[in-house]
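Residue-level structure breakdown
Chain by chain, the residues run as shown.
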Amino acid sequence: MSTAGGEIAALPGDPPGGRRAVLVWGLGVAVYFVAITYRTSLGVAGLDAAERFDINASALSTFSILQLLVYAGMQIPVGLMVDRLGTRKVLTLGALLFTLGQTGFAFSHSYGMALASRALLGCGDAMTFISVLRLGARWFPARRGPLIAQVAALCGMAGNLISTLVLAQLLHHFGWTRTFAGSAVGGALVVSLAVLFLRDHPKGHEPPPAARGGGRGFVRRQIADAWREPGTRLGMWVHFTGQFPALVFLLLWGMPFLVEAQGLSRATASELLTLVVLSSMVIGLVYGQIIARHHAARTPLALGTVAATALSWAAVLTWPRGHAPLWLLITLCVVLGACGPASMIGFDFARPANPPERIGTASGIVNMGGFIASMTTLLAIGVLLDATGDDYRAAFASIFVLQALGTAQILRLRGRAHRRERERVVASRVEAVHVPA
């Protein structure tokens, strides 16, 4: 909830935060960190996977498409699970599933078995981020929400950093099976820690009994009430438009684009992928601080990032003399680093629009946006590459179509969402004045 001056107001009954909150939330973030490491591991192994399973570009993109399809399809069910069962159970189950998926991927020798493993991994991965958002909302004051969410995303990007720096080297030295099987040890560790130490909320801040609900009526009511809020829908489209250019690049197509289309060595391409991650970590902290202090900056930051991303891709894809110069590719990667933090702004629209007992469901709706866009773009690039004889310029031009769609929806919904937020602020002030002593 924001004040008239654009800052987030303190709410009665806010959790106190503190050292214990940091420790419990940090454990949830550790689970998310491992999930991101597994999710993005294929980004540095795409060329190896194509050789191992003897597949073309479309079949290779199916790995990530299936993983994201499962992820996106699970978002609303996971949001409902988090609202009803609590964070501890859902996060622990997610960690168990993505660990099993990564282990199965390590020992896959057929394309079908590898696909099944990535689907299982996607299912577990889908349970992590919404749980971490709910954990932050239950353990920290509302005014810390934007910064806490950006820091969680930053830690997730550190998992991406492990993929691009460490996993790529291990894959080169130890091969497929030992690298992926060894990485699964991290999953087993966080499963054990979650079972032993994770807690849903601080003592004295239990969710209201009504939030537990029951039956199909609860499910319909949670989804309908969350979707009815313009802030939830605006958040979904911000996430849709902001996230996918960087995720597609990091998850699968960045390495092939830089090596095959731009003529870079694998080492240089890996460094550029690392630059995207480092840029995201820095920009995430900056965005989190700005939004925590000036809530009105949400829409300008989101739209500004989308515009900068579109301009950067246009410059690279239309460069007239063959390969784009290295300085332009570096600029592109720095700008792509802003996509993740910009997509996180979507949660900052949904959070004040929904009560705490509906945060999981609303976050699930928002989180679907970026992964639906990413899945669509992954498929489009793979199909266009096969259809055009590996014309990366034509394939990556599909990015602009989804950016245009998302931007139009953001512009359509932003006024309605802002008016609704102002109404909530006025109502909360009236209630505060008239609360009996």
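Overview of the structure. (Residues numbered from 1 in each chain as written. Predicted model: local features only at pLDDT ≥ 70, side-chain atom pairs only at ≥ 80, totals over all residues. Heavy atoms only, no water.)

**As for the pattern of salt bridges**
As a reminder, the rule being used: Note on definitions: salt bridges are taken to be side-chain nitrogens of Lys or Arg within 4 Å of carboxyl oxygens of Asp or Glu. Numbering of helices and strands starts at the N terminus; helices are DSSP runs of H or I of at least 4 residues and strands are runs of E of at least 2. Exposure categories follow from relative accessible area, calculated using a 1.4 Å probe and restricted to protein chains: below 20% of the type maximum is buried, above 50% is exposed, and the middle band is partly exposed.
Here the structure, examined in full by the defined rule, presents eight salt bridges. Residues Asp225 and Arg228 are paired through a salt bridge, measuring 2.7 Å at the closest nitrogen-oxygen approach. Here Asp225 and its partner Arg228 are both found in helix α9 (residues 215-228), three residues apart, which amounts to about one turn of the helix. Taking relative accessible area as the criterion, Asp225 reaches 22% and is therefore assigned partly exposed. Connected through shared salt-bridge partners, Asp225, Arg228 and Arg358 make up one network.

**Focus on the packing of helix α10 (residues 230-261) against helix α14 (residues 339-350)**
We count it as follows: For helices, the fitted line uses only the C-alpha atoms of the stretch in contact; every axis is such a line through C-alpha atoms, and the angle between N-to-C directions lies from 0 to 180 degrees. The labels follow the angle: roughly parallel below 35 degrees, roughly antiparallel above 145, roughly perpendicular from 65 to 115, and oblique for the rest. The contact criterion used throughout is that any non-hydrogen atoms of two residues lie within 4.5 Å. All residues other than Ala, Val, Leu, Ile, Met, Phe, Trp, Tyr, Cys, Pro, Asp, Glu, Lys and Arg, Gly among them, are scored as polar; the first ten of these are nonpolar and the last four charged.
One way to put it is that α10 packs onto α14 with a least axis distance of 7 Å and a crossing angle of 170 degrees. By the angle class used here, α10 and α14 are roughly antiparallel. In this structure, α10 contributes Gly231, Thr232, Leu234, Gly235, Val238, His239, Gly242, Gln243, Pro245 and Ala246 to the contact, and α14 contributes Cys339, Ala342, Ser343, Ile345, Gly346, Phe347, Phe349 and Ala350. Considering only residue class, the contact of α10 with α14 consists of ten nonpolar, eight polar and no charged.

**Quick look at unusual backbone geometry**
Positive phi outside glycine occurs at Asp54, with the angle close to 55 degrees. Mapped onto the elements, Asp54 comes out in the loop between α2 (46-53) and α3 (57-85). By relative accessible area, which is 70% here, Asp54 ends up exposed. Even without a glycine there, the phi angle at Asp390 is positive, about 65 degrees. When you line up the elements, Asp390 lands in the loop between α15 (359-387) and α16 (392-396).

**Describing a negative patch on the surface**
Where we set the bar: The patches reported here contain residues having more than 30% relative accessible area and no salt bridge. Joining distances are 9 Å for like charges and 5 Å for nonpolar side chains (Val, Leu, Ile, Met, Phe, Trp, Tyr). Areas reported here follow the Shrake-Rupley algorithm with a probe of radius 1.4 Å; residue values treat only the protein chains shown as occluding. Only four residue types enter the charge count, namely Lys and Arg as positive and Asp and Glu as negative; His and the chain termini do not. In plain terms, the charge of a residue is placed at NZ if it is Lys, CZ if Arg, CG if Asp and CD if Glu.
A contiguous patch of negative charge, built from Glu260, Asp386, Asp390 and Asp391, is present on the exposed surface. Following the sequence through the fold, Asp391 ends up in the loop between α15 and α16. Take Asp391: its relative accessible area is 33%, and that puts it in the partly exposed class.

**A word on empty space enclosed by the protein**
Selection rule: Space inside and on the surface of the protein is sampled on a 1 Å grid over the protein atoms alone, with a cavity defined as a set of points where a 1.4 Å probe fits but cannot get out and a pocket as an open set with protein on both sides within 12 Å along at least 5 of 7 lines; lining residues have an atom within 4 Å of a point. Grid points are joined across faces, edges and corners, and a volume is the space filled by probe spheres set on the points.
Summed over all chains, the structure comprises two cavities of 30 Å³ or more. The volume enclosed by the largest cavity comes to roughly 320 Å³. It is helix α7 (residues 145-174) that contributes the most residues to the lining of the largest cavity, six residues altogether. Of the residues belonging to the lining of the largest cavity, the class tally is 15 nonpolar, twelve polar and one charged.

**Considerations on helix α8 (residues 176-197)**
Quick reminder of the rule: Any helix carries an expected span of 1.5 Å times its number of residues minus one. Our arc is simply the arc of the directions from the helix axis toward the C-beta atoms.
Over its 22 residues, α8 extends 33 Å from the first C-alpha to the last, a length consistent with the 32 Å expected when each residue adds 1.5 Å. When we look at burial in α8, the residues that qualify are Trp176, Thr179, Phe180, Ser183, Ala184, Gly187, Val190, Val191 and Ala194. The buried residues of α8 occupy one face: seen down the axis, they fall within an arc of 130 degrees. More than 90 degrees from the buried face of α8, the exposed residues found are Arg178, Val185, Leu189, Leu196 and Phe197.

Without other data, these values stay purely geometric and don't point to any function.
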